[in-house]
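# Structural overview
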Amino acid sequence: MKKLLLAVLLLGVLLAAFVIVSHRPSMPPENTLSYELLQPGQFEVGTDTMVLVDPSRFIPDPNEADGESVRTMPVHLWYPRSDNRMPQPLLVYSHGFMSTGEGLAYVAEILASQGYVVAAPDFPITGRSRGEEANSRDVLNQPRDVALLIDALLARSEDESDELHNAIDGKRIAAIGYSLGALNTLLLGFHPSLQESRIKAVVSLAGPTEVFTRKFLTTRAIPFMAIAATEDQFVGYESNFLSLGDKVDGA
């Protein structure tokens, strides 16, 4: 669990840098903490993609006025390669509105090189591929997407013929999200009916927390980190970040 919490802290710091520069940053000066955090680890990084289909749920088909299609979700994966593989923590990243899971690629590569499996889905309704049809309200359906993703990855980890065999420790799973994706991670962590019990830590980066009460954010005793910038045009710093001190113990 300590390793998982360190990974959550590391990813939160790196994501903050990602939001500021919106692309792979230049390396910071040597002999700084930022420089150390951006160094690759000991593992060669493997990448993969998978497509998850939920036959029990349907979404509007943008190509047909009254049509529907099965809910489908591409997933980007980064993982450590090793001849003597041991199960590692899983980090699930939820992208922001009109974004993609690949936006986190350089951070995911660093984490995978240090021994973490990173999964970043492209959500079917809130992602960039949806174009003008994107709808932020579909975030309420995304916790179920993440649960489906965790099911699929744990099944792959148990499959001796799969390249991810024995790669994931099902007891060390964290959820990290940016903006609308941060809202998804909060639902996964704390919502009375949408929460995912297998997620043991949550990071909100520039997440809208103003709508949540202290009761909501304390429904589970799991580690929770919130990171925000003082100059955010969409998610107010004072109302969404500073107010957390009145809602979360130890904030």
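Residues numbered from 1 in each chain as written. Predicted model: local features only at pLDDT ≥ 70, side-chain atom pairs only at ≥ 80, totals over all residues. Heavy atoms only, no water.

## Considerations on the packing of helix α4 (residues 142-158) against helix α5 (residues 180-190)
Each pair of packed helices gets described by two things: the angle between the helix axes and the distance between those axes. α5 packs onto α4 with a crossing angle of 70° between their chain directions and a minimal axis gap of 9 Å. When the axes of α4 and α5 are compared, the pair comes out roughly perpendicular. For the pair α4 and α5, the contacting residues are Gln-142, Pro-143 and Val-146 in the first and Asn-184, Leu-187 and Leu-188 in the second. (Axes fitted to C-alpha atoms, helices over the stretch in contact; angles between N-to-C directions. Helix = DSSP H or I, 4+ residues; strand = E, 2+ residues; numbered from the N terminus. Parallel < 35°, antiparallel > 145°, perpendicular 65-115°, else oblique. Contact = heavy atoms within 4.5 Å.)

## Some thoughts on helix α3 (residues 105-113)
Summarising burial for α3: 7 of the 9 residues are buried, a large majority. The set of residues buried in α3 consists of Tyr-106, Val-107, Ala-108, Ile-110, Leu-111, Ala-112 and Ser-113. Two residues or fewer past α3, Gly-115 is found with a positive phi of approximately 110°. (Buried < 20%, exposed > 50% of the residue type's maximum accessible area, 1.4 Å probe, protein only.)

## Overview of the side chain of Asp-54
For Asp-54, the position within the fold is in strand β1 (residues 44-60). At 2.7 Å, the side chain of Asp-54 forms a polar contact with the side chain of Arg-57. Contacts of Asp-54, omitting those with residues within four sequence positions, involve Val-70, Arg-71, Arg-144 and Leu-148. (Polar contact = N/O pair within 3.5 Å; in protein donor to acceptor, adjacent residues only side chain to side chain.)

## Thoughts on the environment of Ala-152
Position of Ala-152 among the secondary structure elements: in helix α4. Considered as a pair, Ala-152 and Leu-52 are 100 residues apart in the sequence and their alpha carbons are 8.1 Å apart. Excluding its chain neighbours within four sequence positions, the residues that come into contact with Ala-152 are Met-50 and Leu-52.

## Focus on α5
Of all 11 residues making up α5, 11 are buried, and the element is well covered by its neighbours. Taken residue by residue, α5 has Leu-180, Gly-181, Ala-182, Leu-183, Asn-184, Thr-185, Leu-186, Leu-187, Leu-188, Gly-189 and Phe-190 as its buried positions. Turning to α5, the residues buried within the fold contact β3 (88-94), α4, β5 (168-178), β6 (201-205), α6 (214-217) and β7 (224-227).

## A look at the environment of Arg-214
Of note, Arg-214 is situated in helix α6. With 33 residues separating them along the chain, Arg-214 and Lys-247 place their C-alpha atoms 4.1 Å apart.

## Looking at the pattern of salt bridges
For the structure on display, the rule yields 11 salt bridges. For Asp-54, the salt bridge is made with Arg-57, and the minimal N-O distance between the two is 2.7 Å. The class of Arg-57 is buried, set by a relative accessible area of 9%. Between Asp-145 and Arg-71 there is a salt bridge; the shortest N-O distance is 2.8 Å. With a gap of 74 residues between them, Asp-145 in helix α4 and Arg-71 in strand β2 (residues 68-81) connect regions that are remote in the sequence. Take Asp-145: its relative accessible area is 2%, and that puts it in the buried class. (Salt bridge = Lys/Arg side-chain N within 4 Å of Asp/Glu carboxyl O.)

## Observations regarding the sheet that holds β3
Ordered in space as β1-β2-β4-β3-β5-β6-β7, the 7 strands form an open sheet in which the pairing is mixed. What marks the edges here is a single partner per strand, and that holds for β1 and β7. If you compare each strand with its neighbour and ignore which way they point, the axes differ by 20° on average. In this structure, β1 lies alongside β2, joined through 14 bridges in antiparallel fashion. Note that in β2 the partner of Thr-47 across the bridge is Trp-78. Contacts from α3 reach β1, β2, β3 and β4 (117-121) within the one sheet, and its direction differs from that of β2 by about 45°. Sheet strands touched by α5: β3, β5, β6 and β7. Its angle to β5, the strand with the most contacts, is close to 140°. (Pairing = 2+ DSSP bridges.)

## Notes on the confidence of the model for the protein
Confidence in the prediction for the protein averages 86 pLDDT; 86% of positions are at 70 or higher. Of all the helices and strands in the protein, helix α1 (residues 2-21) carries the lowest mean pLDDT, 49, while α4 carries the highest, 98. (pLDDT = per-residue confidence, 0-100.)

## Topic: the packing of aromatic side chains
For the structure shown, the criterion picks out 3 aromatic pairs. Ring geometry for Phe-190 versus Phe-224: centroids 5.7 Å apart, planes at 75°, classification edge-to-face. Of this pair, Phe-190 sits in helix α5 while Phe-224 sits in strand β7, and the two are 34 residues apart along the sequence. Taken together, Phe-190, Phe-212, Phe-216 and Phe-224 form an aromatic cluster joined through their ring pairs. (Phe/Tyr/Trp six-rings, centres within 6.5 Å; stacked < 30°, edge-to-face > 60°.)

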